[in-house]
Amino acid sequence: MSELRPETRAVHLPRPVIKGSVPISVPIYQTSGFVFDDPEVFADGMSRPDGAFVYGRLSNPTVRSLEEAVAGLEGGVASVATASGMGAINSVLLGLLKPGDHLIAQKALYGGTAAMINDLASRFGIAVTHVPGDDPAALRAAVRPETRLVYLETIANPVCQVADLPAMCAAAKELGLVSVVDNTFASPILCRPLEHGADIVVHSTTKYLSGHTDVLGGIAVFAADELYRKVWHYAIELGSTPDPFAAWLTLRGMQTLPLRMERHCANTRVLATRLAGHPAVSAVHWPGLPTHASHEVAVKLMPEFGGVFSFDLAGGRAAGERFMSALKLALLAPSLGGVETLVLHPATTSHRSLSAEELARHGISEGTVRVAVGIEHAEDLWTDFAQALA
Ligand SMILES: *Cc1c(COP(=O)(O)O)cnc(C)c1O
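Note that the structure is predicted; figures quoted are calculated from it, not measured.

What am I meant to see in the overall build of the protein here?
Looking only at helices and strands, the protein features 15 helices and 12 strands. In summary, the protein has a C-alpha radius of gyration of 23 Å against a globular reference of 21 Å for 390 residues, a match within 12%. In terms of its C-alpha atoms, the protein occupies a principal-axis envelope of roughly 85 × 55 × 35 Å. At a minimum sequence separation of 6, the contacts of the protein that also span at least 24 residues come to 73%. By element, 57% of the accessible surface of the protein is carried by carbon and sulfur atoms, the whole surface being about 17,300 Å². Charge centroids of the protein, computed over 30 positive and 39 negative side chains, lie 2 Å from each other.

I'm lost on the state of the cysteines in this one. Help?
Simply put, disulfide is the name for a covalent bond between the sulfur atoms of two cysteines. Evaluation of the coordinates by the stated rule reveals 0 disulfides. Here Cys 191 stays free of any disulfide, with the sulfur of Cys 169 as its closest cysteine sulfur at 9.3 Å. Among the residues examined, Cys 191 registers a relative accessible area of 1% and is labelled buried.

Any chance you could explain the domain arrangement of the protein here in plain terms?
Reports of interface size often rely on the accessible area that becomes lost once the parts have come together. Structurally, the protein comprises domain 1 (39-250) and domain 2 (257-389). Contact residues are listed per partner, giving 34 residues for domain 1 and 38 residues for domain 2. Overall, the association of domain 1 and domain 2 removes approximately 3,000 Å² of surface from exposure, summing both partners, and the carbon and sulfur fraction of that is 65%. Interface area lost by domain 1 to domain 2 is led by Pro 158, Leu 190 and Tyr 208, which between them contribute 25%.

I keep staring at the nonpolar core and nothing clicks. Help me out?
A general tendency of soluble globular proteins is for nonpolar side chains to be buried together. Leu 275, Met 302, Phe 309, Phe 311, Phe 323 and Phe 385 are the most contacted members of the largest nonpolar core, which has 72 residues in total. With 6 residues, helix α11 (residues 257-276) is the single largest residue contributor to this core. Residue-level mapping places this core at the junction of two domains, with at least three residues from each of domain 1 (39-250) and domain 2 (257-389). With sequence-adjacent residues up to four places away left out, Phe 311 is seen in contact with Leu 275, Val 281, Ala 283, Val 284, His 285, Phe 323, Gly 367, Thr 368, Val 369, Val 371 and Phe 385. Grouped together as the second largest cluster of nonpolar side chains are 31 residues, Ala 105, Met 116, Ile 126 and Tyr 151 included.

Explain the UniProt feature "modified residue: N6-(pyridoxal phosphate)lysine" (unreviewed entry) in the protein to me, please; I cannot follow it from the model alone.
The positions UniProt marks with the feature "modified residue: N6-(pyridoxal phosphate)lysine" (unreviewed entry) are Lys 207. A relative accessible area of 9% places Lys 207 in the buried class. With residues near it in sequence (within four places) discarded, Lys 207 still touches Tyr 110, Thr 184, Ser 335, Leu 336 and Gly 337.

Looking at this structure, how should I read the pattern of salt bridges?
Pairs may arise between side chains of opposite charge once their charged atoms sit close together. Here the structure, examined in full by the defined rule, presents 16 salt bridges. Two residues, Arg 48 and Asp 50, come together in a salt bridge whose shortest N-O distance is 3.3 Å. Close ionic contact of Arg 123 with Asp 119 constitutes a salt bridge, the shortest N to O distance being 3.9 Å. Here the residue Arg 123 and the residue Asp 119 both occupy positions in helix α5 (residues 111-124), the gap between them amounting to 4 residues, near one helical turn. Residue class for Asp 119 comes out partly exposed when judged on its relative accessible area of 36%. Overlapping salt bridges bring together Asp 44, Arg 48, Asp 50, Asp 225 and Arg 229 as one network.

It is not clear to me how the sheet that holds strand β2 (residues 102-106) should be interpreted in this structure. Could you clarify?
Two modes of strand pairing occur in sheets, parallel and antiparallel, and in both the strands are linked by backbone hydrogen bonds. One open sheet accounts for 7 strands, arranged β1-β7-β6-β5-β4-β2-β3; its pairing is mixed. Edge positions in the open sheet fall to β1 (78-82) and β3 (127-131), since each of these has one partner strand only. With strand direction ignored, the average angle separating the axes of adjacent strands in the sheet is 20°. Here helix α4 (residues 85-96) sits on the sheet and contacts β1, β4 (147-153), β5 (178-182), β6 (200-204) and β7 (218-222); the angle it forms with β6, its principal contact strand, is near 150°. Sheet strands in contact with helix α9 (residues 225-238) are β1, β5, β6 and β7, and its direction is about 20° off that of β1.

Cut-off values and rules
- Counting starts from 1 at the beginning of each chain's written sequence and moves along it residue by residue.
- Only residues with pLDDT of at least 70 get local features here, since the model is predicted, and only at 80 or more are side-chain atom pairs given and counted; chain-wide, interface and lining totals rely on the full set of residues.
- With hydrogens and water set aside, each side-chain value is computed from the structure's full complement of heavy atoms.
- In DSSP terms, a helix is any run of H or I states spanning at least four residues, a strand is any run of E spanning at least two, and both are numbered starting from the N terminus.
- All radius of gyration figures rest on C-alpha atoms, and the globule criterion is 2.2 Å times the number of residues raised to 0.38.
- Contacts are assigned to residue pairs that have any heavy atoms within 4.5 Å of one another.
- Shrake-Rupley sampling with a 1.4 Å probe provides the accessible areas, and residues are treated as covered by the protein chains on show and by no other component.
- Lys and Arg are tallied as positive, Asp and Glu as negative. Neither His nor the chain termini are counted.
- Each charge is placed at NZ for Lys, CZ for Arg, CG for Asp and CD for Glu.
- Pairs of cysteine sulfur atoms within 2.5 Å are identified as disulfides in what follows.
- Think of it in three bands: with a 1.4 Å probe and only protein chains considered, a residue is buried below 20% of the maximum accessible area for its type, exposed above 50%, and partly exposed in between.
- What counts as a domain boundary in this text is fixed by an automatic or database domain assignment.
- In this description, buried area is defined as the sum, over both parts, of the accessible area (probe of 1.4 Å) that is lost when the two are combined.
- Only buried residues count toward a nonpolar core. Its members are Ala, Val, Leu, Ile, Met, Phe, Trp, Tyr and Cys residues joined through side-chain atoms within 4.5 Å.
- UniProt positions are given in the numbering used here, feature names are shortened, and annotations may be inferred rather than shown by experiment.
- Salt bridge, as applied in this entry: a Lys or Arg side-chain nitrogen positioned within 4 Å of an Asp or Glu carboxyl oxygen.
- Two strands make a pair as long as DSSP finds a minimum of two bridges between them.
- Lines fitted to C-alpha atoms define the axes here, with helix axes fitted over just the stretch in contact, and angles between the N-to-C directions of these axes take values from 0 to 180 degrees.

Have a look at this one:
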C-alpha cells in the first residue's frame, strides 16, 4: 500500500521482527496490546496465562521475564507479578478464599497485611485466627472444617520472629490447607519457602528484589500449576498487573540481588552485634544473634539472617525519637531492602494502626527502632549510630 497518505503513515509505524539475534538486556515492551494474524491464537491467548501475549493486563513479555526469573530463584513452576506487594497478597487471598472460609495467620504480620486480614473478616466474612509462626500444635488446634489457608512470613517485621516453615507447612499439608509465605525479608537468596513445603510464596519486590528504592511491585510464586492458574485469573480480574517499566526496573535490580544480600547481612551483623553491647540499648532483635528467640529456627532455614533488625532503647520513646533525629547518614524513612540505610519508629509509623495489645503481640515497645540496613561501608554506619546514641 505505497499510496498511503501522511496521516495514515504517521499512525502505522514499522514493527520490527528481529531475526537472527535477541537483545542482551530484556527490552521494555511498552505496549498495551499485541497484533495477530490468526484470530484463534488471539482467542486462545485470552483464556490462559501461557498462550500468546494479547493484552497488557493479562501478560506482557517484560513482565513475563520477571515472572520467570523470580519463579526460577524461588524454585516455583510459575508466578504472577503485580503492581505492589499488597497486590500480590490480595490476589492470592481474594483469589483463593470466599465468604465463610477461615484462615490461620501468624501473629506478627506486616502492617498492611494485618490491616487487610482484619478487613477480610469485617467486610467479606472470612474469619481469621492468629497463631505463633513457630507453633504447629497451635495451628492444628485452630483448624475448623472451613479452614482453607495458612499465612506465614519467613521473617516478621520489626522484631524478626522467624516462622518454622518446615513444621508449619508440613502441618498445613497434612490438614489439606494451602500454605502461603511472605518471603520479602529473607529474599530467595536466604530462604526458598517452596523447598520447605509452602504452596505459594509472595514478595513485595519493592524491597530486596528490586533493591534501589525506585519502584513498587509484588509477585506470587507457585509450587504447582493449579493454584497458579486460579490466582492468575483472579489477578487479571482485579487489575493488579504491573507496568512493563516497573517490571524492567525490578529485573535490572534483581541481577545484583545475591551481591546486595551479602552486604546487607554482613553490615547488619556488625551493627546488631555492637548495639547488643551498648549501654543505651536494652535489647537487639535480629535472628542472627544467639539471644534471639528465633535463632534456632533461623539457623535451620537460612545461611545468613537478613538486613532488617530492630532494637529497644532503654530510654523508651523519647530516647528513640532523639536517636532518630540525631542520625546523619541513616535516613528516617519507610520501606526496606534498598541500598540506603533507613530507620523508623514502628509504634508511631508502620504499626500506628495497631492497638496497645496488638503492638505487644508484635513484640513492639515505645522505644523500638527498626533499621533496614543498606550496603554502605559498615564502619561509616557504625560511626553514625554511635554518635546518635551519644
Ligand atoms: C512492604 C511489604 C509488603 C507490602 O508491599 P508493597 O510493595 O508496599 O505493597 C508486604 N509484606 C512485607 C513483608 C513487606 O515488607
